[in-house]
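# Descriptive structure summary
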Amino acid sequence: KVASFYKKTSTIYKDIAENTPEEFDVVQLIRDSDFNNCVNLILSEGPFQVYAKKPSIKQAFADLIQNAFQYSPDKKCQVYVTDKLSYVNIELQNSINQGILISKEKYKELGKTWLTKETGDGASSGLYWAFQAVIDSLGQIELGKYEDFLNKSCFRIEIKLRKKL
């Protein structure tokens, strides 16, 4: 199991470091990353072509969707995709189990530092790699408000991926 983890980490790091950006349909990539058929896509008018490192972004969405499936009581994830002038905005949102709640300090670190399940806070390295992949593709990624997480039991991530101009 440990060897599998290091193999995945090595592959992800190699993809982030070596791949070059390309233009692709991010909605199709999200569909291809939904291995558990748990995503409900809500789309504005497209097209949804982005310019990013496709293998890295695909792994990022696979990890984010898998986390939503794993930690959501209804095993569902809402993904809102909106076409903007110079970027495509993607918002992932899912309900969370009440037992998953973490402190505000730990929440602020999600995606920024390497947290593992062994810390007892429900975080995993997949979220960290998702953040790294988006940032490496010159995108933006941020967590939703902690208050929504705490009071509405809602986990939200917003991603902005640029278009080829």
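Everything that follows concerns the structure shown earlier in this document.
In this report, we go over the structure that sits alongside the text. (Residues numbered from 1 in each chain as written. Predicted model: local features only at pLDDT ≥ 70, side-chain atom pairs only at ≥ 80, totals over all residues. Heavy atoms only, no water.)

### Section: helix α2 (residues 26–33)
Quick note on the threshold: Buried, partly exposed and exposed residues are distinguished by accessible area as a fraction of the type maximum, computed with a 1.4 Å probe on protein chains only: under 20%, between the cut-offs, and over 50%, respectively. Each helix is a run of H or I in the DSSP string that is no shorter than four residues. Each strand is a run of E no shorter than two, and both are numbered from the N terminus. This arc is built from the directions going out from the helix axis to the C-beta atoms. The definition of a polar contact used here is a pair of N or O atoms within 3.5 Å, where within protein one atom must be able to donate a hydrogen and the other to accept one, and adjacent residues in sequence count solely through side-chain atom pairs.
All of the buried residues along α2 are V26, V27, L29, I30 and S33. Along the axis of α2, the buried residues cluster in a sector spanning 160°; they form a single face. Regarding α2, its N-cap is D25, as a side-chain oxygen of that residue lies 2.9 Å from the backbone nitrogen of V27 further along.

### A word on the sheet that holds strand β7 (residues 154–162)
Spelled out, the test is: In this scheme, strands are said to pair when DSSP sees at least two bridges between them. Helix axes are fitted only over the stretch in contact, all axes being lines through C-alpha atoms; the angle between N-to-C directions runs from 0 to 180 degrees. Residues are treated as being in contact if the distance between any of their heavy atoms lies within 4.5 Å.
Strand order in the open sheet formed by five strands is β2-β4-β5-β7-β6, and the pairing between neighbours is mixed. Strands at the two margins of the open sheet, each flanked by one partner only, are β2 (39–43) and β6 (140–143). Across the sheet, the mean angle from the axis of one strand to that of its neighbour is 15°, orientation sign disregarded. The sheet contact formed by β6 and β7 spans four bridges and is antiparallel. Within β7, the residue paired with I141 across the bridge is I159. Taken strand by strand, α2 contacts β2, β4 (77–83), β5 (87–95) and β7, and its axis lies near 170° from that of β2. This element, helix α5 (residues 125–136), spans β6 and β7 of the sheet and lies at about 145° to β6.

### Section: the nonpolar core
Proteins that are soluble and globular tend to have nonpolar side chains buried together. Here is the rule we go by: Side-chain atoms within 4.5 Å are what join buried Ala, Val, Leu, Ile, Met, Phe, Trp, Tyr and Cys residues into a set we call a nonpolar core.
V26, F61, I90 and I159 are the most contacted members of the largest nonpolar core, which has 39 residues in total. With six residues, the single largest contributor to this core is helix α3 (residues 54–71). Beyond its immediate stretch of four places on either side in the chain, V26 contacts F48, V50, F61, V81, V88, I90 and L161.

### A look at unusual backbone geometry
Each neighbour pair has its own omega, and for G46 with P47 the value is 10°, a cis peptide bond. Looking at where P47 falls in the secondary structure, it is placed in the loop between β2 and β3 (49–52). Positioned with a positive phi, N37 is a non-glycine residue whose angle comes to about 50°. Its identity is not glycine, yet L138 carries a phi of approximately 60°, on the positive side. Mapped onto the elements of the fold, L138 is located in the loop between α5 and β6.

### Notes on α3
Using the following cut-off: Expected helix span is taken as 1.5 Å per residue step, with the number of steps being one fewer than the number of residues.
Taking 1.5 Å of rise per residue, 18 residues should cover 26 Å, and α3 covers 26 Å from first to last C-alpha, within 8% of that figure. All buried positions along α3 are accounted for by S56, I57, A60, F61, A62, D63, L64, I65, N67, A68 and Y71.

### A word on the pattern of salt bridges
Side-chain pairing between opposite charges can occur once the charged atoms of the two side chains come close. Quick reminder of the rule: The working definition used for a salt bridge is a side-chain nitrogen of Lys or Arg within 4 Å of a carboxyl oxygen of Asp or Glu.
On inspection of all chains with the given rule, the structure shows six salt bridges. Across the salt bridge formed by K163 and D83, the nearest N and O atoms sit 2.6 Å from each other. Taken together, the residues K163 in the segment after β7 and D83 in strand β4 connect sequence positions 80 residues apart. Notably, a salt bridge pairs E91 with R156, separated by 3.8 Å at the nearest N-O pair. Highlighted residues: E91 in strand β5 and R156 in strand β7, separated in sequence by 65 residues. A relative accessible area of 19% means that R156 is categorised as buried. Each of E91, R156 and E158 takes part in one network of salt bridges that share partners.

### Re the packing of α3 against α5
So the rule is basically this: Throughout, a crossing is termed right-handed when the near helix is turned clockwise from the far one, and left-handed when it is turned anticlockwise from it by less than a right angle. Residue polarity follows a fixed list, in which Ala, Val, Leu, Ile, Met, Phe, Trp, Tyr, Cys and Pro are nonpolar, Asp, Glu, Lys and Arg are charged, and the others, Gly among them, are polar.
Axis separation between α3 and α5 bottoms out at 8 Å; the angle between their running directions is 145°. Considering only the axes of α3 and α5, their crossing is left-handed. For the pair formed by α3 and α5, the contact residues are S56, I57, A60, D63, L64 and N67 on the first element and G126, L127, A130, A133 and V134 on the second. For the contact of α3 with α5, the residue count by class is seven nonpolar, three polar and one charged.

Function-wise, these values are silent; they only describe arrangement.
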